[in-house]
Amino acid sequence: MEERVLMKGNEALAEAAIRAGCRCYFGYPITPQTEIAAYMARHMPKAGGSFVQAESEVAAANMVLGAAATGTRAMTSSSSPGISLKSEALSYIAASDLPALIVNVMRAGPGLGGIQPSQGDYWQATRAAGHGDFHQLVLAPASVQEMADFAVLAFTLAFKWRMPAMILADGTLGQMMEPLYLPKRPDRTPADRTNQAAEPDWALTGTLNRRSHRIINSLVLNPAALEASVFERFARYRQVQAQEARWRYEGPEDPDVLVVCYGSVSRIYKQAIQAVNQEQGLRAGLFRPQTLWPFPAAELAAKAKHCKKILVPELSMGQFCDDVKLATAKLPKPVALACRAGGQVPTPAEALQRLKQTWACWLQDQEQEEVYYGDRQL
Amino acid sequence: MEERVLMKGNEALAEAAIRAGCRCYFGYPITPQTEIAAYMARHMPKAGGSFVQAESEVAAANMVLGAAATGTRAMTSSSSPGISLKSEALSYIAASDLPALIVNVMRAGPGLGGIQPSQGDYWQATRAAGHGDFHQLVLAPASVQEMADFAVLAFTLAFKWRMPAMILADGTLGQMMEPLYLPKRPDRTPADRTNQAAEPDWALTGTLNRRSHRIINSLVLNPAALEASVFERFARYRQVQAQEARWRYEGPEDPDVLVVCYGSVSRIYKQAIQAVNQEQGLRAGLFRPQTLWPFPAAELAAKAKHCKKILVPELSMGQFCDDVKLATAKLPKPVALACRAGGQVPTPAEALQRLKQTWACWLQDQEQEEVYYGDRQL
Amino acid sequence: MAQHGEVAVRTDRCKGCGLCASFCPKQVLAVDLTRLSERGFPLCQVINPEACIGCGFCYSVCPDLAISLMVQKNA
Amino acid sequence: MAQHGEVAVRTDRCKGCGLCASFCPKQVLAVDLTRLSERGFPLCQVINPEACIGCGFCYSVCPDLAISLMVQKNA
Amino acid sequence: MSKDLMPQLKTLLPCDPYRIFICGSGGDGVLFTGKLLAQAALRAGLELSWLPSYGPEMRGGTANCSVVLSRQAVASPIIDQADLMLIFNQAAWLKYGARLAPGGLILADQSAFPDGVDEGDLKGAGQVHVLAAKQEAAAHLGRNLGNMLLLGALTELVPLFSAADLAWCLQQSLTAKSTALLAQNQQAIKLGQRLMAGD
Amino acid sequence: MSKDLMPQLKTLLPCDPYRIFICGSGGDGVLFTGKLLAQAALRAGLELSWLPSYGPEMRGGTANCSVVLSRQAVASPIIDQADLMLIFNQAAWLKYGARLAPGGLILADQSAFPDGVDEGDLKGAGQVHVLAAKQEAAAHLGRNLGNMLLLGALTELVPLFSAADLAWCLQQSLTAKSTALLAQNQQAIKLGQRLMAGD
Amino acid sequence: MATVSYERPEALLDVPFHYCPGCTHGITHRLIAECLDELQMTGQTIAVASVGCSVMAYDYFACDVVQAPHGRAPAVATGIRRARPDRFVFTYQGDGDLAAIGTAEIIHAATRGENITVFFINNAIYGMTGGQMAPTTLEGQVTQTTPWGRNPAEAGNPIKVCELLATLDGPAFIARVAVDHANQIHQVKATIKKALQCQLEERGFALVELLSTCPTNWKMSATEAMRWVHEQMRQQYPVGVFVDRLREDQNSGRGGSAGGRHLSGPSAPEAVGLTALPAGYTHKE
Amino acid sequence: MATVSYERPEALLDVPFHYCPGCTHGITHRLIAECLDELQMTGQTIAVASVGCSVMAYDYFACDVVQAPHGRAPAVATGIRRARPDRFVFTYQGDGDLAAIGTAEIIHAATRGENITVFFINNAIYGMTGGQMAPTTLEGQVTQTTPWGRNPAEAGNPIKVCELLATLDGPAFIARVAVDHANQIHQVKATIKKALQCQLEERGFALVELLSTCPTNWKMSATEAMRWVHEQMRQQYPVGVFVDRLREDQNSGRGGSAGGRHLSGPSAPEAVGLTALPAGYTHKE
Ligand SMILES: Cc1ncc(C[n+]2csc(CCOP(=O)(O)OP(=O)(O)O)c2C)c(N)n1
Ligand SMILES: Cc1ncc(C[n+]2csc(CCOP(=O)(O)OP(=O)(O)O)c2C)c(N)n1
Ligand code: SF4
Ligand code: SF4
Ligand code: SF4
Ligand code: SF4
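About the criteria used
- Residues numbered from 1 in each chain as written.
- Chains lettered and ligands numbered in written order.
- Predicted model: local features only at pLDDT ≥ 70, side-chain atom pairs only at ≥ 80, totals over all residues.
- Heavy atoms only, no water.
- Salt bridge = Lys/Arg side-chain N within 4 Å of Asp/Glu carboxyl O.
- Helix = DSSP H or I, 4+ residues; strand = E, 2+ residues; numbered from the N terminus.
- Buried < 20%, exposed > 50% of the residue type's maximum accessible area, 1.4 Å probe, protein only.
- Least-squares fit on C-alpha atoms with pLDDT ≥ 70 in both.
- Near = heavy atom within 4 Å.
- Nonpolar A, V, L, I, M, F, W, Y, C, P; charged D, E, K, R; others polar.
- Axes fitted to C-alpha atoms, helices over the stretch in contact; angles between N-to-C directions.
- Left-handed = near helix turned anticlockwise from the far one by under 90°.
- Contact = heavy atoms within 4.5 Å.
- Expected span 1.5 Å × (residues − 1).
- pLDDT = per-residue confidence, 0-100.

1. Structural notes on the pattern of salt bridges
Using the criterion set out here, one finds 104 salt bridges over all chains in the structure. Here Glu 34 of chain G and Lys 189 of chain G are joined by a salt bridge, their closest N and O atoms 3.1 Å apart. Linking Glu 34 of chain G in helix α1 (residues 25-39) with Lys 189 of chain G in helix α7 (residues 185-200), this pair joins segments that are 155 residues apart in sequence. Each member of the pair, Glu 34 of chain G as well as Lys 189 of chain G, carries the same accessibility label: buried. Lys 193 of chain G is the salt-bridge partner of Glu 38 of chain G, the closest N and O atoms lying 2.6 Å from each other. Here Glu 38 of chain G, found in helix α1, pairs with Lys 193 of chain G, found in helix α7; they are 155 residues apart in sequence, far enough to count as distant. Judged by relative accessible area, Glu 38 of chain G falls into the partly exposed class, the value being 39%. Salt bridges sharing common partners tie together Glu 55 of chain A, Arg 82, Arg 112 and Glu 114 of chain G together with Glu 154 of chain H.

Written out as structure tokens, the structure is:
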């Protein structure tokens, strides 16, 4: 195993991507993810790959489309406004069944907003990365280790299922440093890129006059044919949903309050949960989806069965909560939603308070569903 | 009342927008909505307004932002891929609390897809028109009359609530002709635009050295201030949800099967429902949201209480169904989902069959939830 | 250098646009707007095969590769 | 045409960038890098007030409008 | 669907909704034919919808449109079966023929059935009327006004609206164009009526 | 939070997690100080997280970072209270002072308390150590190495890691730069230790 | 006596085009294919189809093809070239695609000197969507969105793409030709070939603007349309070579070429002078 | 004896700038404000702030201001101008904003001859995001994303925006000045004024490129940075007037001006010759 290193989340992600065989990075600067581009500018050439600072996020995403079409591991990264600009290309990438990695280190929106951490692009990432019916894989790291691990995982899954994968992080994860084990350096050398054997059978690599031409395309003017291709893709999605949902649970088997959250917020609530579980009277557990699409709905429902109340803290206005509600619709469990927005992040003390408050509400009225905006209860 | 005319949906919308006081149209050609731009090119100058064929959808949406900032009624229109390109600007418009009209005459996706009718941008329109936490009003016409009426309504609501409004139509609604009553010509003449009294007090109209400067902006670097502005906006959204949800119901008070759908699909199912209700054995009703955001959740739940099963036909892969499920989560009613995609549209015969099939399933097993992809039952 | 061409029109490809006829310096080809090909396009025909000098203009302007042309060059 | 200027630095605006001092033809202004203003910037001071000829260079290059300058023109 | 004849109206719908399907190729004026028919029906006091096929049709292929007439607001503008089909050529007939409702009415240009009408292929059509519309128009008017001819013929066949309604609508939509053109169109309608009457 | 002293480790955490907050202005090397501290702690076998304030800081304003040390994986990298605060100037103290945990430790440059330490304002700090770090560094090393001085002082105060750990990490991160610079930094650390010892 | 037979180029698959009668897209396709054949590039080429009438070019060319979002072909081509510097890439783009929505992408691919070849079909209109104004629509030209003719005061001035790109340091070859007469075809082909040659020799970005027709949306016959190119479009868009670094010593060029190539190709063809030949439209219409 | 006192222009609110010490954004703001004062335009002006270090320009100018998405200021300005042809509009944009992400918007606003004034701050770097390569970064210049200096073969060539836009028919005034010495300030101001004058007279699109500093990301002192502009940037970006239709008879201009104006303004200032004065950096640093 490789040495333990201390790195920023953004840099760990970049280094892991290179080790995962990423050979093309296309990006456009934006806070708080610019370290990814800066790292790639330095290290991609050494890895025999290509770094291009594109003229815009739109162009960067389309460069990824082009590189991905050749079967190359390619990626782009940005933050919220820049991701919006990639949405047309994302839809094309998905419609062309191309694998690629897109990183969104979310910042506070809407509009230009601010640059502090947020989870306000949850719906965009999980439901509407662009127009039309499609999905992308969405991985939600909660530590610098996962920033690195998920870069590797994202490429593996993207190529396995031939679809784009997004790492949905936030400013905290991108900017913080933690010790981590980097993934192993690959055995493949960069020269392997021209190794015909390794090329996927759908990739555009030139016919070399040996085979008939391949087309990568998303235009299908015949509605019946287009529908068939959408149905095929959704059949694939069902397999992904069945096989690839990932999550972590920590806490007692039958917690009173089940906290469901992802990303950096889960770290804060983890601390609060550890604290509350050392006291008397309330046992809490943490269910943390690592994949947001596919959403670990069945697993969450199974866990939620044994709890009394669900608490959903998020750095957005109830977006993530929709998925929790959809997953647990058949269980009549009251849900408390704790929203922070605009780059505001709960402190461990706030998390503790929210946990206790939620439980106190349940003790009073077992049906009550609270919504908190910051420290205001609506 | 004005004379009854026969017009295409796209043209009726354009004419109604002009009559509603729209004085700036910015667009970029794309099928199946190009008639809107063509109509505006001809008629906007006559109305004393401005028509600009922008260099791109991105530019068009930002021109709308600029015009809207002056308090002018401005609009853009496009179809799915073009709407993706507008997403950054839409987030800015919402974040700047500007009123504007955006028309999406949806076509089949993802990617370049096809040009036939679709509802595949439902999630994008209702949840993630861009990055960050915000909403836009989403109006879903189901007739040429509503194409016109909702253009007026969209401007009224957008200005009332200071937020963007989207008309979410599809190729069928844009291309078809039906007789309609056009909205009354406004009493205001175009010259009124320079009438200071009529200008909203937030608009950028030049200080004329009489007042201090106004700023329209979405950057808020202080997270507490940004969060406060998001909370304020969501408090407003709650009012919108309470006051502006619109829907139509047609059918018996306690239908066996409640069909929930919107837009052009509702027309097809309406015919099937009329047919089935003339036969014996099955009574069906049609619940049609006219606003998709705010979604008439409470009203739907109230209606659904008396039905036995819910059938959700959509020209997308279960996007709309999420909202139906969220709205009726507390009622244990089985839901059947009938998806068409890629520009395929159900025929009245197919609608009739789906209705009967769904009911037959219920008679067999009252818990069963079916999913249909085209004529395949999963 | 005298040369002669043998020109023919592939009717399964021809769309009757008339460009070949327009640029033919010898009026070898002509489009009959009153008659339609089996594909429903105006009928383009070789009306004066002997006059063909094999200049290749018809081939080079035909957007649908519907001209077949063989040229004998008598050096 | 002789002229004289009265120059002063608004310390609540000055960021000690030194442009004024750089372009002053008469070394009227100077930035002391070893001393900080109350805002924490290097201290910019008028060290030679009498020498000022009122050319306005300091005013025109100061990015923070921190120079106040009054010029007496003796025509 | 439901038969709901309303004798008090000057228009008589054979059934309600009355579903019309018009098909041919781009040059046949399919969409304009449908539009004129819809306008005439509107003038006759009916509810209706008109739905075209759309897309980059200019680059060849068939064109079609569906017109639904009714006494009430039209439910589905999309139809799977047509009570009346206007057919302009063979390709259209081969592609869309199956959509004819049992007992439906066909009004076609001769080119739709170049080998004559084969009863076996018609699968239960109620009536079939074939006119040499395009040919007659070209011969008598020197223009491709086959569509107007068929519309004229239609007024003789089904009492949806009168030739006068049609002429009025024509006038409305051609105002910008020449009066000569208008006259030709009206002649074509008359010609169609005559041909149909003599059919 | 939970006190969980582990005497078998060469590092002694006063409590676990041990929450450190470092603040000053851009030029103080706040982020680098935190990073070095984190690296030394890593070398000492601890788990940790380092979280900076980020943004367009270059255009003025304060900078800060949070370092959390623990024997187990760190839960929250975001802290509301700090067990140890390193403070580089008065503005930072005024802005962030309230974050000090009851009984917490303050290690500050003199400029943080220009008017001297006022016990009333400290609101229950356990210990306060004020050094003329920047001034001493400027005087003895001719450079703004106040942060190294404070880090050196810290090794005397809390047995998180040794000055040797620190020096090793410094060497790692400054390899690219001059050896003269490295030597200066190490001198600064020693100076800090000496000052603290004599405190 | 020698017999020359005109053969369909191998780089063009034997399927019918979907283009309108008389549309010059077909001619241009054939010429590109002939050059690919002659330069033996087909097997190593990955083409980029753009959004416009030519979107289905992927069905016609025998090389691998990816279809790019509207306007983004140069970015997609950049991605391909960076991923596979050992392959050739050309894009085929309309004037809406390249000069409106794709303005940023073409300018930046050009300034990067990206080693790709761009075929730019300037037909002064949006064909695919039914005839709206393009950035290259002539002053006074009637389109669906300029119903009274393009008025620069409202709708802006026509853009001269070659002249614009020629101010940049990246391009190695920029030329404009007109597909407006049989006697131009040779010149058009030679120019196309030179642009591809540029890529073979790793000189960097090359673009050929082809003044083309859209008889359908111009509402003209095919022959009238060619005449209109000749008489109207050439006024606004003079043909010629704007940049040619093909003959320059590779090291002396100002511009760099991004995305080097590993294969070596055949040597350069003759340079072609591009004087506007007088074209005659003598025959019956 | 007359006393002249240098006063803060009224168009600039009396609040401190957030810019770094020595950054020329502040100088440029002041000069624009002085011109707005002198032309009495402030009350009728709606400014467009762009995304970059100058995003908060909205806090400084006394006129109404809207903040545009990154690169889109010219589109936003177009929207304003079309909605309110009786108002003035200027945009203030960095080189990342205008010449990278906003390339299409600036080119099309220019070709439309949109009646707006654009102040283009070319500091050869992305300031706000911490110093990445800009389209205008010089060859060899070290930035965060060109760690070994910009290599045109990989990272493309610097873009000369004035030269590029000058090929278009829409612009009425295009000039480049350098904010690199006290002796340049008068010229810079006169050029800014002329560009605003263009709008007053409805001549159409006007753009002033200002060679500017970013001491922070260049890692230089303010004075060193000005010297670098003078010695390095001016080589690549020569100052001068590229288009000037202000003196032309309005009807004889080729380009149209989109979005007419209803108010009349004061008359034109003197034309200013833009020769590069020798600048001395004589004083202590
Ligand atoms: C993002 C986006 N916007 C708009 C369209 C619609 N569209 C399709 S082709 C086209 C332009 C066609 O014009 P041009 O590029 O000149 O090519 P031509 O068809 O004339 O060959 C447009 C606007 C689209 N498909 N995608
Ligand atoms: C869509 C989008 N992409 C990227 C960014 C991040 N960003 C903010 S400012 C900026 C560029 C700043 O450079 P420039 O325009 O040259 O202005 P300067 O800061 O140098 O004055 C970028 C890329 C953003 N806010 N939005
Ligand atoms: S040029 Fe070709 S398509 Fe046109 S008429 Fe001649 S053979 Fe037919
Ligand atoms: S130029 Fe202005 S900010 Fe800079 S040192 Fe002089 S007075 Fe201070
Ligand atoms: S629409 Fe125009 S460009 Fe498109 S295929 Fe037809 S003639 Fe050619
Ligand atoms: S980062 Fe550069 S451009 Fe931005 S304010 Fe600082 S010096 Fe000026």
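2. With respect to the relation of the copies chain B and chain A
Once chain B is rotated about the relating axis by 180 degrees and shifted along it by 0.0 Å, it coincides with chain A to within an RMSD of 0.0 Å. Here the transformation between the copies is reduced to the relation of a two-fold axis.

3. Comments concerning the site of ligand 3
Around ligand 3, the surrounding shell consists of Val 9, Cys 14, Lys 15, Gly 16, Cys 17, Gly 18, Cys 20, Cys 44, Cys 62, Pro 63, Ala 66 and Ile 67 of chain C. Among the residues making up the shell around ligand 3, the classes are represented as 9 nonpolar, 2 polar and 1 charged.

4. A few points about the site of ligand 4
Taken together, Val 9, Cys 14, Lys 15, Gly 16, Cys 17, Gly 18, Cys 20, Cys 44, Cys 62, Pro 63, Ala 66 and Ile 67 of chain D make up all the residues around ligand 4. A class-by-class count of the residues in the shell around ligand 4 yields 9 nonpolar, 2 polar and 1 charged.

5. Observations concerning the packing of helix α3 (residues 133-141) of chain F against helix α4 (residues 146-157) of chain F
Residues and elements named next belong to chain F. Axis separation between α3 and α4 bottoms out at 8 Å; the angle between their running directions is 115 degrees. Between α3 and α4 lies a crossing whose hand is right-handed. Side by side, α3 and α4 meet where Ala 133, Lys 134, Glu 136 and Ala 137 of the first sit next to Gly 146, Leu 149 and Leu 150 of the second. Split by residue class, the contact of α3 with α4 holds 4 nonpolar, 1 polar and 2 charged.

6. Side note on helix α10 (residues 264-278) of chain B
Relative to the 21 Å expected for 15 residues at 1.5 Å per residue, α10 of chain B spans 22 Å between its end C-alpha atoms, a close match to the ideal helical length. Taken as a whole, α10 of chain B has its buried residues at Ser 264, Val 265, Ser 266, Arg 267, Ile 268, Tyr 269, Lys 270, Gln 271, Ala 272, Ile 273, Ala 275 and Val 276 of chain B.

7. Observations regarding the confidence of the model for chain E
Residues and elements named next belong to chain E. Per-chain confidence: chain E averages 86 in pLDDT, with 89% of residues scoring 70 or above. In the predicted structure, residues 1-8 sits below a pLDDT of 50 and forms 21 contacts with residues beyond four places in sequence or in another chain. For this predicted complex, the interface score ipTM comes out at 0.95, alongside a pTM of 0.95.

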